[in-house]
Amino acid sequence: MPLSQLTVHRRDQRKQALITLSGEIDLESAPLVRESLERCLRDGIRTIDVDLTPVTFCDCSGLNSFLHAAQQTTVAGGTLRLHHPPTTLARILDLAGCGFLLLNPPFDHLPSPLGDSPAAPRPAPPHRSVPLAPVLSGDVR
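In this convention, every chain numbers its residues from 1, walking through the sequence in written order. Given that this is a predicted model, residues contribute local features only at a pLDDT of at least 70 and side-chain atom pairs are listed and counted only at 80 or more, while totals for whole chains, interfaces and linings are drawn from all residues. Values shown for side chains rest on all heavy atoms present in the structure; no hydrogens or waters enter the calculation.

J.: Sorry if this is basic, but what is going on with the overall build of the chain here?
T.: Secondary structure follows DSSP: runs of H or I at least 4 residues long count as helices, runs of E at least 2 residues long count as strands, and numbering of each begins at the N terminus. When helices and strands are tallied, the chain shows 4 helices and 5 strands. In sequence order, the chain lays out its α and β elements as β-β-α-β-β-α-β-α-α. Within the chain, the proportion of its 141 residues that are buried is 33%. A separation threshold of at least 6 residues defines the contact pool for the chain, and within that pool the share at least 24 residues apart is 63%. Burial classes: relative accessible area under 20% of the type maximum marks a residue as buried, over 50% as exposed, and values in between as partly exposed (1.4 Å probe, protein chains only). Any two residues having at least one pair of non-hydrogen atoms within 4.5 Å are treated as being in contact.

In structure tokens:
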């Protein structure tokens, strides 16, 4: 099985950094993402922008790295923002409901996982009343 490949480019300007990731972010390459973002903090960077335009794939291990880095950046008094997430990451962010932690508003710029036009915001789902049903059956003590 070939190893995933990820390239990290960093451009600093005062206390800001633009990190451009290129390739695949998965279990193999997520530690490189985490280390790259932690190094920014050690170097005194407090505003970190991550360009994901050239990323072809990102799974939940990549999301975990971004969430960890965002938490560490916030603790250090800074901000971390993701820009142009690939469809796989956009879908994970949508399912996990954590896009507000990593993306600048408005969040409707995420590419639709179904291939719809990213410029057209998705309509809000109709409000549905779901009857409550017991989760467990039988005798619970």
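Continuing now.
J.: Can you help me understand the pairing of strand β2 (residues 16–25) in this one?
T.: Remark: a regular strand shows side chains that alternate across the two faces of the sheet. Alignment of strand β1 (residues 6–13) against β2, held across 8 bridges, turns out to be antiparallel. Note that in β2 the partner of Gln-13 across the bridge is Gln-16. Strands are treated as partners if at least two bridges between them are detected by DSSP. Counted along the chain from β1 to the antiparallel partner β2, the turn is 2 residues long, and its residue Arg-14 has a positive phi close to 60°. For crossovers, right-handed means that the path from the first strand over the helix to the second runs clockwise, given strands pointing away from the viewer. At this point the chain moves from β2, through helix α1 (residues 30–42), to the parallel strand β3 (residues 47–51), and the crossover so formed is right-handed.

J.: What am I meant to see in unusual backbone geometry here?
T.: Most peptide bonds adopt trans geometry, and most residues besides glycine take a negative phi value. Its identity as a non-glycine residue notwithstanding, Arg-14 has a phi of 60°, on the positive side. For Arg-14, the position within the fold is in the loop between β1 and β2. Under the relative-accessibility criterion, Arg-14 is labelled exposed at 76%. Of note in this structure, His-84 is not a glycine but carries a positive phi near 60°. Looking at the element boundaries, His-84 is found in the loop between β5 (79–83) and α3 (87–96).

Read these as geometric descriptors, not functional statements.
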